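Reading the structure
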Amino acid sequence: MTRHVLILGGTTEGRALAAALVELPSLRVTSSLAGRVAQPRLPAGEVRIGGFGGPDGLADWLRGERVDAVIDATHPFAAGMSRNAALAAAAADVPLLALRRPGWAPVPGDRWHHAPSLAAAAELLPGLGRRVFLTTGRQGIAAFAHLDHLHFLARSVDPPEPPLPSTLEVLLDRGPFTLDGERALLREHRIDVVVTKDSGGAATAPKLTAARELGLPVVVVERPPLPDGVPAAPDVPGAVRWLQHLR
């Protein structure tokens, strides 16, 4: 009997999970991508791109496609999608797991300033520096648009859309990034402070090491919590074990 697994993807973990699951017998693997990136890296297995129309639309899709399990492998800050997944899975009576890479942890020498939101991070910046390296993703840049007296360097996969800071330079790039590259970038642009979401993982972590070496403060935006009652696995093997135990 073939079981159908839906992966809510778009992350490195989502692609790795799809690659692992397509090798298992009697599994149909579908990955769903939000479609916010112009040229996404496609995972193994079946792929659908675009939204579901909220939790009701997703619940209808789960029933119509006879989905047996959902794994939410979206970005740790995709709170809306995670909330919709929890509501839809409950409505359709389908097991749900969140695959979440561990967050970053400070080490001696780090000058971290924690913020509960992007808006709170923006409030901290005037007291920390004038030349800011933003690594919050293109959709997070708008939270800093009102800070006209600061100079921003923002890195994102696709170009950001207004509202934007009046003094903004955009680097279009996609990780993983190297430590040497991050050191050179911070020096070349004379960065005073770095802003990042606590995304976790190795692909974008070198900026934290480079900032520590240069003695720069880092504003770390804290993750939103998972929906109540949703179990989580920290890595792909944990997600595979969860799925196997459903048998």
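What comes next concerns the included structure. Everything numeric here is computed off the predicted structure, so don't read it as measured data.

Criteria and thresholds
- Residues numbered from 1 in each chain as written.
- Predicted model: local features only at pLDDT ≥ 70, side-chain atom pairs only at ≥ 80, totals over all residues.
- Heavy atoms only, no water.
- Salt bridge = Lys/Arg side-chain N within 4 Å of Asp/Glu carboxyl O.
- Helix = DSSP H or I, 4+ residues; strand = E, 2+ residues; numbered from the N terminus.
- Buried < 20%, exposed > 50% of the residue type's maximum accessible area, 1.4 Å probe, protein only.
- Phe/Tyr/Trp six-rings, centres within 6.5 Å; stacked < 30°, edge-to-face > 60°.
- Lys NZ or Arg CZ within 6 Å of the ring centre and 35° of its normal.

A separate point is the pattern of salt bridges. In this structure the tally under the stated criterion is 9 salt bridges. Between Glu65 and Arg28 there is a salt bridge whose closest N-O contact spans 3.2 Å. Here Glu65 is found in the loop between α2 (54–64) and β4 (69–72), whereas its partner Arg28 is found in strand β2 (residues 27–33), with 37 residues between them in sequence. For Glu65, a relative accessible area of 30% corresponds to the partly exposed category. Its salt-bridge partner being Arg155, residue Glu182 comes within 2.8 Å of it at the nearest N-O pair. Residue Glu182 is located in helix α5 (residues 179–188), and its partner Arg155 is located in strand β8 (residues 151–156); the two are separated by 27 residues in the primary sequence. Residues Glu182 and Arg155 agree in their burial class; the two are buried. Connected through shared salt-bridge partners, Arg28, Glu46 and Glu65 make up one network.

Bringing the packing of aromatic side chains into the picture now. The geometry of an aromatic ring pair is captured by the separation of the ring centres together with the interplanar angle, meaning the angle of the planes. The tally for this structure, following the rule as stated, stands at 2 aromatic pairs. A centroid spacing of 5.5 Å and a plane angle of 70° characterise the contact between Phe52 and Trp61, whose relative ring orientation is edge-to-face. One exposure class covers both Phe52 and Trp61, and it is buried. Relative to Phe152, the ring of Phe144 has its centre 6.0 Å away and its plane inclined at 55°; by these criteria the two rings are tilted. With respect to burial, Phe144 and Phe152 carry one shared label: buried. In this structure, Arg48 is placed above the aromatic ring of Phe52, and the distance from its NZ or CZ to the ring centre is 3.9 Å. The ring of Phe177 carries Arg155 above its face, with NZ or CZ at 3.6 Å from the centroid.

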